[in-house]
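A structural walkthrough
Now for the letters of each chain:
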Amino acid sequence: MNRILIVEDEERIASFVEKGLRAGGFTTTVVGDGDAAYEYALTGGFDLIVLDIGLPGRDGFTVLRELREARVTVPVIVLTARDSVRDTVAGLEGGADDWMTKPFRFEELLARVRLRLRTAARAPEVTMLRSGELTLDLRTRRARAGERLVDLTAREFVLLELFLRHPGQVLSREQILSHVWGYDFDPGSNIVDVYVRALRKKLGAGQLETVRGMGYRLPT
């Protein structure tokens, strides 16, 4: 079942889109500001994003740009009241896969959602992730640091995959928890730190950097 992130600060529109997509068989999550949208999208837990432009916090253009800079390739359909050619061009050149203006017919949005998901499904599947001397084979689930084979637990594998998909990017503890464990832990828990230390020990010195007060980063 495809998972769709709906980013819309108008509750009436967000509810309308969510109900329609759920009726169409999709799993949905709704957020109402750009900062939350960016954090959720980074988890890699969505197959498509429906994105408004006029948002509290980061606006839609900023969310889109920063996601593409972070190498997040999930399809994005912009759904906005802005209808100028300049805005449309800026959105498409900034990484949007489609652009729809409000008011809109839900049937058209649904058709575009299905089209983008079919197109994304035909894209070549990435089976090997690399950064420097680190490699991770997603098919065999084997990791290597240079010529050395690294034995990883299931959680460590998912954690390393997350870092390799976002090289050079600082990942907060909250982002890591959301992606690797899938639900909230006690804020006082140090489980992320424990797993990062264990992974760092297996990979070797200098592979995972601590960014004080922010999180962790895989150097590029």
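Residues numbered from 1 in each chain as written. Predicted model: local features only at pLDDT ≥ 70, side-chain atom pairs only at ≥ 80, totals over all residues. Heavy atoms only, no water.

Under an unreviewed UniProt entry, the name given to the chain is DNA-binding response regulator, and the source organism is Streptomyces capitiformicae.

1. As for the sheet that holds strand E5 (residues 98-101)
The parallel open sheet is built from five strands, whose spatial order is E2-E1-E3-E4-E5. At either end of the open sheet lies a strand with only one pairing partner, and these are strand E2 (27-31) and E5. Direction aside, neighbouring strands of the sheet carry axes that sit 20 degrees apart on average. The sheet contact formed by strand E1 (residues 3-7) and E2 spans five bridges and is parallel. Bridging from a neighbouring strand, Arg 3 pairs with Thr 27 of E2. Strands in contact with helix H5 (residues 106-121) are E1, strand E3 (48-51), strand E4 (76-80) and E5; relative to E5, the strand with the most contacts, it is inclined by about 175 degrees. (Pairing = 2+ DSSP bridges. Helix = DSSP H or I, 4+ residues; strand = E, 2+ residues; numbered from the N terminus. Axes fitted to C-alpha atoms, helices over the stretch in contact; angles between N-to-C directions. Contact = heavy atoms within 4.5 Å.)

2. Focus on the nonpolar core
In globular proteins that are soluble, nonpolar side chains generally tend to be buried together. With 27 residues, the main nonpolar core has Leu 136, Leu 152, Leu 160, Phe 163, Ile 176 and Val 192 as its most contacted residues. Elements that contribute at least two residues to this core include exactly strand E7 (134-137), strand E8 (142-145), helix H6 (154-165), helix H7 (173-181) and helix H8 (191-203). In this view, Leu 160 contacts Leu 134, Leu 136, Ala 143, Leu 152, Leu 199 and Leu 203; residues no more than four positions away in its chain are not counted. (Core = buried A, V, L, I, M, F, W, Y, C linked by side-chain atoms within 4.5 Å. Buried < 20%, exposed > 50% of the residue type's maximum accessible area, 1.4 Å probe, protein only.)

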